[in-house]
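Architecture at a glance
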Amino acid sequence: MTLHRTHRQPFIVGIGGTTRPGSSTERALSRALAHAEHLGARTQLFGGQELAALPAFNPEIKTRTPQEIAFIEAVRNADGILLASPGYHGGVSGLVKNAIDLLEDLRADDRVYLDGRAVGCLVTAAGWQGCNTTLSALRDIVHALRGWPTPLGVTLNTAGVSLFDINGNCTEPAVQQSLEILAEQTLTFAPQPAVRRESNALIQHPA
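Notes on the structure follow. Just so it is clear, the model here is predicted, and its values are computed rather than measured.

Each value, and the rule that gives it
Residues numbered from 1 in each chain as written. Predicted model: local features only at pLDDT ≥ 70, side-chain atom pairs only at ≥ 80, totals over all residues. Heavy atoms only, no water. Helix = DSSP H or I, 4+ residues; strand = E, 2+ residues; numbered from the N terminus. Buried < 20%, exposed > 50% of the residue type's maximum accessible area, 1.4 Å probe, protein only. Contact = heavy atoms within 4.5 Å. Areas by Shrake-Rupley, 256 points an atom, 1.4 Å probe, with all protein chains shown as cover. Phe/Tyr/Trp six-rings, centres within 6.5 Å; stacked < 30°, edge-to-face > 60°. Right-handed = clockwise from strand over helix to strand, strands pointing away. 1 Å grid on protein atoms, 1.4 Å probe; cavity = no way out; pocket = protein on both sides within 12 Å on 5 of 7 lines; lining within 4 Å. Points joined across faces, edges and corners; volume = space filled by probe spheres on them. Nonpolar A, V, L, I, M, F, W, Y, C, P; charged D, E, K, R; others polar.

From N to C terminus, the protein includes 6 helices and 10 strands. Counting all 207 residues of the protein, 48% fall into the buried class. Within the protein, residue pairs in contact and separated by at least 24 positions form 75% of the contacts whose partners lie at least 6 positions apart. Carbon and sulfur atoms make up 51% of the accessible area of the protein, which amounts to about 9,800 Å² in all.

Once that is clear, we can look at the environment of P55. Turning to its location among the elements, P55 is positioned in the loop between α2 (48-52) and α3 (66-77). Overall, the relative accessible area of 33% leaves P55 in the partly exposed class. Taking C-alpha positions, P55 is 8.2 Å from T65, a pair spaced 10 residues apart along the chain. Ignoring any residue separated from it by four or fewer positions in sequence, one finds P55 in contact with T65, E68 and N98.

Our focus in this paragraph is the packing of aromatic side chains. Each aromatic ring pair is characterised by the separation of its centres together with the angle its planes make. Applying the stated rule across the entire model yields 1 aromatic pair. Taken together, a centroid distance of 5.1 Å and an interplanar angle of 90° make the contact between F46 and F71 edge-to-face. Of this pair, F46 sits in strand β3 (residues 42-46) while F71 sits in helix α3, placing them 25 residues apart in sequence. Given the relative accessible area of 6%, F46 is considered buried. By relative accessible area, which is 1% here, F71 ends up buried.

With that settled, the discussion passes to the pairing of strand β2 (residues 11-16). Taking burial as the measure, the 6 residues of β2 include 6 buried ones, the bulk of the element. Alternating residues of β2 divide into F11, V13 and I15 and I12, G14 and G16, and every residue in both groups is buried. Read from β2 through helix α1 (residues 24-38) to β3, the crossover connection turns out right-handed.

Now for the layout of surface pockets. Size it by volume and the largest pocket reaches roughly 170 Å³. Lining the largest pocket are T18, R20, S23, S24, T25, P86, G87, Y88, T124, A125, A126 and T158. Looking at the lining of the largest pocket, the elements with two or more residues in it are α1, β4 (80-88) and β6 (118-125). A total of 3 residues in the lining of the largest pocket trace back to one element, the largest contributor, which is β4. Partitioning the lining of the largest pocket into residue classes produces 4 nonpolar, 7 polar and 1 charged.

With 8 of its 8 residues buried, β6 lies for the most part within the structure. Alternating residues of β6 divide into A118, G120, L122 and T124 and V119, C121, V123 and A125, and every residue in both groups is buried.

Pasting the structure below:
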């Protein structure tokens, strides 16, 4: 399946990971972003290291660190978002939720919060229950921020299995395919779509 750019180059921001380098969450997110790049998108990853550098969100504090400014500006300019979280005790991790809370700074934008943007949701957890409850939470958050969750949400059960090799490549073809579809849908449903699906000749035009 091939997708071609028909307008300007879309910008996709990936948000997610854990404090552990090389986590399954961040590797899965990186593979989805890599596919978006293959399809012609510009991408930027805010992984565990970048998210850990963000101070705890405090709505009473109006000043922002350089790391916070870089994150806010990237999301502000994004055409689509890939949002990934591990499932911690049945919900979104504090690290990821803190970054999401910082998006309150977009409340006064003309395009408020994630308004009109496609958001692909991805969850890794040690068990299907944690996968499913966390995916539901992510989708609810996206709705609250006025974004559009993509039809596909990817859940990866990492209990007792390794889905990625030492270089971060996915070792399971079905998982890789799901991550690619997630990236494709995020691009296809972006507010100014820049891709055409060759398999069914569907062309997306700007509104």
